[in-house]
Structures are given as C-alpha cells and as structure tokens.
Amino acid sequence: MTERPDTNSANQMWGGRFAAGPDAIMQAINASIGFDKRLYAQDIAGSRAHAAMLAATGILSNKDAEAIGEGLLTVLSEIETGKFPFRVELEDIHLNIESRLTEIVGDAGKRLHTGRSRNDQVAVDFRLWVRDQCDQAIAGLTGLMQAFLAQAEAGADWVMPGFTHLQTAQPVTWGHHMLAYVEMFARDRSRFEDARRRMNECPLGAAALAGTSFPIDRHMTAQALGFDRPTANSLDSVSDRDFALEFLAASSICAMHLSRFAEELVIWSSAQFRFVRLSDKWTTGSSIMPQKKNPDAAELLRAKLGRILGATVALFTIMKGLALTYSKDMQEDKEQVFDAADSLMLGLAAMTGMVGDMTANREVLATAAASGFSTATDLADWLVRELGLPFREAHHVTGTLVAMAEAKGVDLPDLTLDQMQTVHAGIRADVFAVLGVENSVRSRTSYGGTAPDQVRAQIALWAERLP
C-alpha cells in the first residue's frame, strides 16, 4: 500500500520531493523552533521588507504585498501576546510564521517566499538579532563605564596599594584604579562597535546560494532593514557566521574583564581586606554562619565567563570544518549565541549595579597603601636622582634597607637616618619626604600615571567622551 502524503505536516513546506513526514526522532533533532522563535521580530521585519520589495519590482502584486504586510503584523501581535500556535512539526520560526500567515491571508502568503530561501532568510534574521545585541552591549558598557567614572571622581586622590602578583607593589590612587576599568571596557565597547559596522551588510536576496533569477532589488531591502549595503557574494552570504563569531569573541573579552573586577570585589570585600563594602542588594548570608556576607553576585558573574567562552569555542568548532555553503550544522549556531548574549547582558547590568553600590573604605585603603614597603621604588628613584647612583646599585641599597626594616618589624619610613646610613652613608634626612604614600602618588605625574592631577585630567576627558 502506498503511503499518502500528510497534507498537514511540514513536508508540504518542503514540496513534492518528500512523500512522508519525518520520523519522530528525526523531527526532534531537526526542529529548532524551541530556540529560534526568539528571532520572530527579525523574521517578520525581513519578510515585510522582502514583500515590499517584491511589489516595488513588480514580482508581487500590490494587493498581495499589502495583505502579507498586514498579515505579518497580525502574526507579530499573536506572538507578543502569547496566542501564536507554535508547531514543532514546522521545524523553525520561518515556517511557523509563513504557515500561520497563509492561514490568515490565503494564497498571498504562499507567494512571500518568491526570490528567497530559508538560507538567506535565517542569515538576515540572525544578523539582525546579533546587531541588536551589539547595540545593547554598547549601551550596557556605556552605563558601566559611567559607574566606574563616578567612583574615580569620588576618590581621585584616595591612596590605596597597587599590586603585582597580588603583593603590595606601589601606592596608587582609587581613582586611577577605577579608570583602569574604564579603559578596559572602552576597548570592549569599541570592539562591539567595530563588529557592528562590519556585520551591517544584508544577505537577503542571496537565496539558497546562487542568487535568484527574479529581478529583485537587494539594495532596497538592505536599506529598509537598516543595513549599509547588500552582501556582495551569494555563496558567502548564506555561509557566513563571522558576525556571530565576532560578537562572541568581543563578549568573551568583555566577560573576562567583568570577571577580573568580580575577583577584585570578592577579595576586597573580605574581612582580611575590607577595602570595599557591598550592600545587601548584592550579597547573601549563610545558612549556618550568621556572620557571613557573601559576595555571591560577584562570584556568579565571575563564573559567567565560562558560559560565554564555551559558546565561543563551540561555534568556532561548528564552523571550522564546513565547506561552502550552508550545512545543517549551522542550525547549532543560535543557542550558543543566545546563551552568551543573555549571560553578557545580565553580567553588565549586575556589575553596573555593584560598582554604583559599592562603598570604598578610604581609611583602610590608606593604611594598606602605607604597608608592605610600598614606597621602596620611590627610595630607589631618590637614590638615583639625588645621589647619582646607577639604578642597579640603588635597587640593591633599597633591597638591603627593606630587609633591615623587615627584620626589625617596621616599615621603611620607620627606620632612622642613622640606620639607613649604615647601608649607604650618603643618604640624607630629606629622603623621608619620598617615603610617604601621599608624596609617592603625587610624584607619579607622567602621562597616564597615578598622580591625582593626572587622574582628574583623565576623568575630565572621559566625562566629555561618555554621553
């Protein structure tokens, strides 16, 4: 007995080549509607632009184009109000919308797909979605930079220890430390801006892979969708996912920066450091230890990098072995990007909240800045500048004095002049002027240095750059 085609199943969307519907397991592995329905707004925008272009070029009647346009708005309303009947047998968001459109407007809906393929359709949908995420990342980073800038302005001259290897190195200012993150996140913002410019070409009209014989106007659809131009090669148009990879790469670097400051918050808010205090908004307690105030938000944000970096590696792995043009492997691109984008946007919002909320403990910072022989480099510089010692000799003299102070259980400014002169007879009383942390930070006046005047100059520059 010959099996009759199921007129209600997805094979009718594929055409007459397939007589039977898919097996349940094949349907499960093939369907993407569970996640790609997030592209509904972009899919409808692309279809409306395509229908308008088909009418303008005479490929579609104005009547049909108008019906399609109105029908797509009805579909949009149904989805946004939760009334849309998503059907897994229709595989993806594209066929779900087209099927529902045809139910609403009749045969006109069947004419919408003229001159395009699902290959260029998904390419434009996904590119529009990623472009929107770039805009959100840029806005989120701007807000985060403003939060760091406000912290820098409040503590432009507050002294704190600067670290290398998480060991006390030299005193710096709180404002200088905050501005370091402004610089980092500014680079992240520029990466998203740069990626957005490069991805702003429209693949719609490339059809399956070779273009189309219909007299379409790709420049019209590109303009309607806010692209700078149409893509120039139909093969590349449907097989390119560089835009998603660039978004993920920029997201991974940004998440790494978020993770670095999250780590500092975890350390700084500990009882051992007490550099900052986070309010109850961003901390939690312990189920057994009543004294605990855990920086859980910072810890969770620190962990988000793993998800984003994993998504980046996953998509690179998917794409690395694909010959031109489209392969079904590329259906696995979206979930990775969706998850990474969600994690990044949540991380940016959470970090902006924590930075705006945190309170620096100025007194503890100052005490810590004066400990750990943090002005040893200032002493070595003084020996070079005032006594004319070669730097290597000055380094040795300073190291000997540090060892002496450590043995006595004091810091460098606590040594007496007589004790210093046992190491080098030329040391004079005015050496003590460079051993204070306030003098140390004020002396670092080189461009980009930690001197409060330099910090305030950078704050002023960033205040002009940020909206």
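In case you missed it, the structure is sitting above this.
Quantities reported herein were computed from a predicted structural model and do not represent experimental measurements.

Peer 1: How do you make sense of the overall build of the protein when you look at a structure like this?
Peer 2: Looking only at helices and strands, the protein has 20 helices and six strands in total. Relative to the compact-globule value of 23 Å for 467 residues, the protein shows a C-alpha radius of gyration of 31 Å, a clear excess of over 25%. Projected onto its principal axes, the C-alpha positions of the protein cover 105 × 50 × 40 Å. Here the protein holds 467 residues, and the buried ones make up 48% of them.

Peer 1: Which parts of the structure should I look at to understand helix α17 (residues 391-408)?
Peer 2: Compared with an ideal rise of 1.5 Å per residue, which puts 18 residues at 26 Å, α17 spans 26 Å between its outermost C-alpha atoms and is within 8% of the ideal. Restricting attention to buried positions, one finds in α17 the residues Ala394, Val397, Thr398, Leu401, Val402, Met404 and Ala405. Across the axial projection of α17, the buried residues extend over an arc of 160 degrees, all falling on one side. Of the residues in α17, the exposed ones pointing more than 90 degrees away from the buried face are Arg392, His396, Glu406 and Ala407. Buried residues belonging to α17 abut α16 (376-387) and α18 (417-421).

Peer 1: For this particular structure, what's the right way to read the packing of helix α13 (residues 296-319) against helix α14 (residues 333-357)?
Peer 2: Helix packing for two helices is described by the angle between their axes and how far apart those axes are. Two elements in contact, α13 and α14, have axes separated by 9 Å at closest approach and are oriented at 155 degrees. One way to sum up the angle between α13 and α14 is to call them roughly antiparallel. Note on packing geometry: the crossing formed by α13 with α14 is left-handed. Side by side, α13 and α14 meet where Ala297, Ala298, Leu301, Lys304, Arg307, Ile308, Ala311, Ala314, Leu315 and Ile318 of the first sit next to Asp333, Gln336, Val337, Asp339, Ala340, Ser343, Leu344, Leu346, Gly347, Ala350, Met351 and Met354 of the second. Along the lines of polarity and charge, the residues of the contact of α13 with α14 split into 15 nonpolar, three polar and four charged.

Peer 1: Would you explain the packing of aromatic side chains in this entry?
Peer 2: Under the criterion given, the structure shown has 16 aromatic pairs. Measuring from ring centre to ring centre gives 4.9 Å for Phe148 and Phe261, while their planes differ by 75 degrees; the resulting arrangement is edge-to-face. Within this pair, whereas Phe148 is found in helix α8 (residues 118-154), its partner Phe261 is found in helix α12 (residues 242-268), the two being separated by 113 residues in sequence. Arranged with centres 5.7 Å apart and planes meeting at 55 degrees, the rings of Phe192 and Phe247 form a pair that is tilted. Residue Phe192 is found in helix α9 (residues 174-199), and its partner Phe247 is found in helix α12; the two are separated by 55 residues along the sequence.

Peer 1: Looking at this structure, I do not really get the pattern of salt bridges. What am I missing?
Peer 2: Pairs can form between side chains of opposite charge once their charged atoms are near each other. Here the structure, examined in full by the defined rule, presents 26 salt bridges. Residue Glu89 pairs with Arg87 through a salt bridge whose shortest N-O separation is 2.8 Å. Residue classification places Arg87 among the partly exposed residues on the basis of a relative accessible area of 22%. Here the salt bridges do not stand alone but share partners, grouping Glu78, Arg87, Glu89, Arg100 and Glu103 into one network.

Cut-offs used in this document
- Every residue gets a number counted from 1 within its own chain, in the order that chain's sequence is written.
- In keeping with the model being predicted, local features are shown solely for residues with a pLDDT of at least 70 and side-chain atom pairs are shown and tallied solely at 80 or more, while totals for entire chains, interfaces and linings include all residues.
- Each side-chain value is derived from all of the structure's non-hydrogen atoms; neither hydrogens nor water enter the calculation.
- Only DSSP runs of H or I with at least four residues qualify as helices, and only runs of E with at least two residues qualify as strands; both kinds are numbered from the N terminus onward.
- Only the C-alpha atoms count toward the radius of gyration. The rule for a globule is 2.2 Å times the residue count to the power 0.38.
- Each residue is placed in one exposure class: buried if its accessible area under a 1.4 Å probe, protein chains only, is under 20% of its type's maximum, exposed if it is over 50%, and partly exposed if it falls in between.
- Multiply 1.5 Å by the residue count of a helix minus one, and that product is the helix's expected span.
- Starting at the helix axis, one direction is taken to each C-beta atom, and the arc is that of these directions.
- Residue contacts are defined here by distance: any two heavy atoms, one from each residue, within 4.5 Å place the two residues in contact.
- Lines fitted to the C-alpha atoms define the axes, with helices restricted to the stretch that makes contact. Angles between their N-to-C directions range from 0 to 180 degrees.
- Should an angle fall under 35 degrees it is called roughly parallel, over 145 degrees roughly antiparallel, and 65 to 115 degrees roughly perpendicular, with every other angle called oblique.
- Two helices that cross are described as forming a left-handed crossing if the nearer one is turned anticlockwise from the farther one by less than a right angle, and a right-handed crossing if clockwise.
- As a working rule, the residues Ala, Val, Leu, Ile, Met, Phe, Trp, Tyr, Cys and Pro are called nonpolar, Asp, Glu, Lys and Arg charged, and the rest polar, with Gly in that last group.
- Two rings belonging to Phe, Tyr or Trp (six-membered ring only in the last case) form a pair when the distance between their centres is within 6.5 Å. Interplanar angles under 30 degrees mark stacking, angles over 60 mark edge-to-face geometry, and anything in between is tilted.
- When a carboxyl oxygen of Asp or Glu is within 4 Å of a side-chain nitrogen of Lys or Arg, the pair counts as a salt bridge.

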